[in-house]
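# Residue-level structure breakdown
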Amino acid sequence: MTPLRPIVTRACSTFGKATAKRTEKLVASPAWRQSLTFSSQRTFSASAHQPKPDPTDVYHAGLRNTVFTNECEISSESQTIPIFRVLGYDGKLQAGWQPPFSAEECLERYRFMVRVNVWDMMLYNIQRQGRISFYMQNQGEEALQTAIGNALGKDDHLWCQYRELGVLLWRGLQNNAFTVTNVLDQLFSTAGDPGKGRQMPISYTNKETGLQTICTPLTTQVPHAAGCGYAFKLNGEKRAAVAFFGEGAASEGDFHAAMNFAAVLKSQTLFVCRNNGYAISTPVKDQYAGDGIAIRGLSYGMDTIRVDGNDFFASYIATKKAWELCVNESKPVCLEFMTYRLGHHSTSDDSAQYRPAQEMSMWTQPGIDAIARLRSFLENNGLWDEAKEEELRKEAKHSMLQEIKQVENRKSVAILPGIFDDVYDVEPWHIKEQREECRQHLKRNSQHYDMTKFQGIE
Ligand SMILES: Cc1ncc(C[n+]2csc(CCOP(=O)(O)OP(=O)(O)O)c2C)c(N)n1
Ligand SMILES: [Mg+2]
């Protein structure tokens, strides 16, 4: 009796007319009266003219399906979310599936994935050689990145974490808005970087491709994407906000706030989790106890899909479907891509310290590796061979070397505007003072600095 009274009373007093009617309905039911003999006698008087009620109605407000049980069982299992896959380990499409691209389109996308793989390795190496200060690799995630880049709409806004180079380059190369040159300008902090070299390398920004500036504090981009998707919805726009994050970033409070906000308000947001097994040195088993990240999408009431991120076709098909659902039905979708971070976390990390080499060799087997699996598909169809692979890798390396040579010698933005401009709309007195102090310091001590790297002082 006791738990029921407050519910019914509160419903009558605070939920307004509609709820009050419903509670009356409940009282009118003989079944209801029987099951609640004591409390109903005390709380309500029945009316013979009211329609038959459904007693479970009172519990519906907060639940999807209302089922009662008299078994006192604590739940420990939830729905199993399968991993969507269409390309088998042998590079053959599973029954009933066709490639979502023509042969020439498949080749173009495969070549792109290989280029990203080669370029990414070279960017890692130039950091090892001390030519840039920092880098984060994309090895192992090329298939899902290329697939997502292909599936998104051109007007979408991208809220990236940092390991999404393939998404950005695929989009950017379609109209030359974000190219290898832009990547290098950012990594070398040249004056060609729209961020003026103020951000850590890999914090790309590019308005033309809808890329919001990547920033270091994890998951801050995810609530932004939830809000951005809500704005698209309010404006009736056919585009999505796309939040990228790792499974580690999904442990931040921001993730949960963003998911709930988007699910309740039905933001046009895609929540794209790259579940690559590690958050720096923290393996997934120490990151969460649940069934991956996808289950959280369902628990927030969001349409959800889990995908084999090393299957290029499945990643494309799933993202395309999720995107259409998101913009056509105006609601968020959660996607979890299962993959493996083949490289170190970043150039500040040595993954040999915390993970077994054997784990890596499992993920680089030809059937599992993201690039090798698509290559098997192409070879099975007589579209690719070793000679073509070698030539492509050589060409990719050559073109990147040329680009590096060009960009490496570009100067960085002049020191004073580089440090002090753009922070405030109207520069306050204390920044003016600091600017002047810095100017005087450089005048007196410029011989101690390598000024050749900058466009000047002013
Ligand atoms: C708020 C915050 N906490 C910690 C860090 C340090 N940090 C940078 S990357 C990272 C791991 C993220 O792992 P995950 O989200 O799985 O992405 P992955 O690197 O695997 O792609 C951590 C802990 C940070 N940048 N911001
Ligand atoms: Mg991770």
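Note that the structure is predicted; figures quoted are calculated from it, not measured.

## Quick word on the overall build of the protein
When helices and strands are counted, the protein shows 18 helices and eight strands. Within the protein, the fraction of its 458 residues that count as buried is 37%.

## Some remarks on the sheet that holds strand S2 (residues 157-159)
With respect to topology, six strands assemble into an open sheet ordered S1-S7-S8-S4-S3-S2, the strand pairing being parallel. The two strands at the open ends of the sheet, each matched to only one other strand, are strand S1 (83-84) and S2. When strand S4 (residues 269-275) meets strand S8 (residues 333-338), the two strands line up parallel, connected through six bridges. Paired with leucine 270 across the two strands is valine 333, which belongs to S8.

## Considering helix H16 (residues 386-408)
In a regular helix each residue adds 1.5 Å, so 23 residues correspond to 33 Å; H16 covers 32 Å between its end C-alpha atoms and thus fits that length. By the burial criterion, the buried members of H16 are Ala396, Met400, Ile404 and Val407. On the buried face of H16, the contacting elements are helix H6 (103-128) and helix H9 (180-187).

## Concerning the packing of helix H10 (residues 221-234) against helix H11 (residues 253-265)
Between two packed helices, both the angle of their axes relative to each other and the distance between the axes serve to describe the pair. Look at H10 against H11: their axes get within 8 Å of each other, and the N-to-C directions meet at 15°. Judged on the interaxial angle alone, H11 and H10 are roughly parallel. The way H10 lies across H11 gives a crossing that is left-handed. Of the residues in H11, those touching H10 at Val222, Pro223, Ala225, Ala226, Gly229 and Tyr230 are Asp254, Phe255, Ala257, Ala258, Phe261, Ala262 and Leu265. Among the residues making up the contact of H10 with H11, the classes are represented as eleven nonpolar, one polar and one charged.

## Notes on the pairing of S4
Counting buried residues along S4, seven of its seven residues qualify, which places the element largely inside the surrounding structure. Judged by which residues are buried, S4 turns out to be covered on both faces: Thr269, Phe271, Cys273 and Asn275 on one side and Leu270, Val272 and Arg274 on the other are all buried. Inspection of the sheet shows strand S3 (residues 241-246) paired to S4 by six bridges, in the parallel sense. Each residue of the ladder has a partner; that of glycine 246, found in S4, is arginine 274.

## Side note on the environment of asparagine 176
Looking at the secondary structure, you find asparagine 176 in the loop between helix H8 (165-174) and H9. Sequence separation between asparagine 176 and glutamate 208 is 32 residues, and the spatial gap between their C-alpha atoms is 9.5 Å.

## Quick notes on helix H15 (residues 370-380)
Listed as buried for H15 are Ala370, Ile371, Arg373, Leu374, Arg375, Ser376 and Phe377. On its buried face, H15 is in contact with H6, helix H7 (142-151) and helix H13 (312-328).

## So, unusual backbone geometry
You will see that serine 189, though not glycine, has its phi angle at about 55°, which is positive. As for its placement among the helices and strands, serine 189 is situated in the loop between H9 and H10. A residue is classified by how many C-beta atoms lie within 10 Å of it, and serine 189, with 23 of them, is buried. Backbone geometry places lysine 196, a non-glycine residue, at a positive phi of 55°. Among the secondary structure elements, lysine 196 is positioned in the loop between H9 and H10.

## A few points about the site of ligand 1
Neighbouring residues of ligand 1: 16 residues in total, closest Leu218, Gly246, Gly248, Ala249 and Ala279. Taken together, the elements giving at least two residues each to the shell around ligand 1 come down to S3 and strand S5 (278-279). For the shell around ligand 1, a count of residues per class yields seven nonpolar, five polar and four charged.

## Observations regarding the environment of arginine 115
Within the secondary structure layout, arginine 115 lies in helix H6. As a C-alpha pair, arginine 115 and arginine 393 span 278 residues in sequence and 6.9 Å in three-dimensional space.

## Considerations on the nonpolar core
Side chains of a nonpolar character, in soluble globular proteins, are inclined to be buried together. Grouped together as the largest cluster of nonpolar side chains are 88 residues, with contacts concentrated most on Trp159, Ala225, Val242, Ala243, Leu270, Val272 and Leu335. Among the elements that take part in this core, H13 stands out by supplying ten residues, more than any other. The residues contacting valine 272, other than those within four sequence positions of it, are Ile148, Val242, Ala243, Phe244 and Leu335.

## Some remarks on the confidence of the model for the protein
Mean pLDDT over the protein stands at 89; residues scoring 70 or higher make up 89%. Within the model, pLDDT remains below 50 along residues 1-46, and this stretch shows 46 contacts once partners closer than five positions in the same chain are excluded.

## Looking at the pairing of S8
In regular strands, side chains alternate between the two faces of the sheet. Where burial is concerned, most of S8 is hidden: six out of the six residues are buried. Judged by which residues are buried, S8 turns out to be covered on both faces: Val333, Leu335 and Phe337 on one side and Cys334, Glu336 and Met338 on the other are all buried. Alignment of strand S7 (residues 303-308) against S8, held across six bridges, turns out to be parallel. Across the sheet, residue threonine 304 finds its bridge partner in S8, namely cysteine 334. Handedness of the crossover joining S7 and S8 through H13: right-handed.

Cut-offs applied
- Residues numbered from 1 in each chain as written.
- Chains lettered and ligands numbered in written order.
- Predicted model: local features only at pLDDT ≥ 70, side-chain atom pairs only at ≥ 80, totals over all residues.
- Helix = DSSP H or I, 4+ residues; strand = E, 2+ residues; numbered from the N terminus.
- Buried ≥ 20, exposed ≤ 12 C-beta atoms within 10 Å, placed from the backbone.
- Pairing = 2+ DSSP bridges.
- Expected span 1.5 Å × (residues − 1).
- Contact = placed C-beta atoms within 7 Å.
- Axes fitted to C-alpha atoms, helices over the stretch in contact; angles between N-to-C directions.
- Parallel < 35°, antiparallel > 145°, perpendicular 65-115°, else oblique.
- Left-handed = near helix turned anticlockwise from the far one by under 90°.
- Nonpolar A, V, L, I, M, F, W, Y, C, P; charged D, E, K, R; others polar.
- Near = placed C-beta within 6 Å.
- Core = buried A, V, L, I, M, F, W, Y, C linked by C-beta atoms within 7 Å.
- pLDDT = per-residue confidence, 0-100.
- Right-handed = clockwise from strand over helix to strand, strands pointing away.

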